[in-house]
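Letter by letter, the chains look like this.
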Amino acid sequence: MLNSKRLHQDFPILTNSSQGEKLVYLDSAATSQKPQSIIDAITNYYQTSNANVHRGVHKLSDESTAIWQKSRETIASFFGAESLELILLRNTTEAINGIAYGWGDHNLLAGDIIVTTLMEHHSNFVVWQELAKRTGAKIEIVAVTENGELDLESLSEKLSLEKVKLLALTHVSNTLGTLNPITKIVRQARELNPNIRIVLDAAQSAPHLPINFKNLDVDFLAFSGHKMLGPMGSGGMLVRKELLSSGEMKPWLFGGGMIDSVAVEKTTYSSDLSERFTAGTPDVASAVGLAAACDYLNNLGMENVREHDEMLVQYALKKLIDLPELTVVGPRSNRVGSVAFLYNNVHAHDVAQILDSQNIAVRSGHHCTMPLHTAFSWPATVRASFNVYNTTEDIDALVLGLEKVKEVFRV
Ligand SMILES: Cc1ncc(COP(=O)(O)O)c(C=O)c1O
């Protein structure tokens, strides 16, 4: 079990007196706070080892290259993947775009089907709409049940259609909190269609659950390092190595660093798979920070992190469901990371503003899931989301803070 009260002390922004009153940070699904050790790792890299990688012959460049490679190994191993399967980018959005350009443009034809779901973040939705426009592929959308779970009958129906080439779905919904039964879904998808490719959006699962890329048996996994205690601008994707070595997944960013030879007539690309997908100067400091975040999480133990999250989510559900002025969205079990709700007759932005006036940071709006909000006729929802530093006291503060909304709006 985590000692989140002690962990709290590792996060300077949460103990910083410039925040005045104690900050209750309940917006970790948007981005997590960063422990001092990660801030120090980045500062230390710039103070002692900063140089461009690969292209130098001097010692500092060698040192920076070694740090870059070691950081990549740490991050890949955190996800149970090989280093060459890791492509570091800025976030989940960039990763999913990379899959569309590097895989989709080369492997989809007019009439092929992309299956995605109604609970996706815009990053795992709009990208496919654009790919469909470019290739002539069609999109089929899996429904969500009234209680906020993926409709597995609808999923089977869509996966049974002819010409399904891609399934792109989230591991955990950032609005409903739903944890999708990914093992069962992947097994079914592969039984129905052995050639299907599967993209897993792990933006909201990677911060809270142990992830093993190999065992998940998906082809692509996208994640945001900045949501899992790593620095802003850190994230990326894992790609099954067979897709890289066979050339099925191609580079989509071109330039220095990823080539083998360049001539006026023809360019060939690096046979080193980890280099082929890193065009230009990489963000070494972000990789260092993200590797430090992986170490920090490994030290806590991802099973403990998962247990802590389950405890907070269940505690929040219990407290919030009891409030008659709220409607909590999403399932009552099998959920991760957050709890979102509607406040009767008060707009989500007003609720968030009144909470902010009490130094409680939550998110309000559609959380980049407009199709889901539209389908359920929710104008907007308020979302409280958690990470390792949150405590049950933070949730008590939220419940108390909501009393003020009642006072102000007399509801
Ligand atoms: C499920 C999900 N997918 C994708 C994203 C996009 O992440 P990023 O903004 O880091 O690219 C988010 C962000 O909140 C998310 O929750």
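Presented here is a report on the structure given in the accompanying data block.

Summed over the entire model, instances satisfying the criterion amount to nine aromatic pairs. Considering the side-chain rings of Phe11 and Tyr296, the 6.0 Å spacing of their centres and the 85 degrees angle between planes classify their relative orientation as edge-to-face. On the criterion of sequence distance, the pair formed by Phe11 in the loop between helix H1 (4–8) and helix H2 (12–15) and Tyr296 in helix H12 (residues 284–300) is long-range, its members being 285 residues apart. Residue classification places Phe11 among the buried positions, given a relative accessible area of 0%. For Tyr296, a relative accessible area of 11% corresponds to the buried category.

Moving on to the side chain of Ser385. Examined against the element boundaries, Ser385 turns out to sit in strand E15 (residues 381–385). Of note is the side chain of Ser385, whose polar atom sits 3.0 Å from the backbone nitrogen of Ser28. Looking at Ser385, its side chain comes within polar contact range of the main-chain nitrogen of Ala29, at 2.8 Å. Not counting residues up to four positions away in its chain, the partners in contact with Ser385 are Tyr25, Leu26, Asp27, Ser28, Ala29, Gly337, Ser338 and Asn390.

What follows is about the side chain of His226. Along the chain, His226 turns up in the loop between strand E7 (220–224) and strand E8 (235–239). Judged by its relative accessible area of 11%, His226 falls in the buried class.

Here the focus is the pairing of E15. Summarising burial for E15: five of the five residues are buried, a large majority. Covered by surrounding structure in E15 are Thr381, Arg383 and Ser385 together with Val382 and Ala384, the residues of both alternating faces. By the bridge criterion, four bridges tie strand E12 (residues 338–343) to E15 in an arrangement that is antiparallel. Looking at E15, one finds that Ala340 is bridged to Arg383. Alignment of strand E14 (residues 363–365) against E15, held across three bridges, turns out to be antiparallel. Across the sheet, the residue bridging to Arg363 is Arg383, located in E15.

Attention shifts here to the environment of Ser274. Note on placement: Ser274 falls in helix H11 (residues 273–276). Taking the C-alpha atoms as reference, Ser274 lies 4.8 Å from Leu84; in sequence the two are 190 residues apart. Beyond its immediate stretch of four places on either side in the chain, Ser274 contacts Arg72 and Leu84. Here the side chain of Ser274 touches Asp272 through a polar contact of 2.7 Å, side chain to side chain.

Conventions we followed
Residues numbered from 1 in each chain as written. Predicted model: local features only at pLDDT ≥ 70, side-chain atom pairs only at ≥ 80, totals over all residues. Heavy atoms only, no water. Phe/Tyr/Trp six-rings, centres within 6.5 Å; stacked < 30°, edge-to-face > 60°. Helix = DSSP H or I, 4+ residues; strand = E, 2+ residues; numbered from the N terminus. Buried < 20%, exposed > 50% of the residue type's maximum accessible area, 1.4 Å probe, protein only. Polar contact = N/O pair within 3.5 Å; in protein donor to acceptor, adjacent residues only side chain to side chain. Contact = heavy atoms within 4.5 Å. Pairing = 2+ DSSP bridges.

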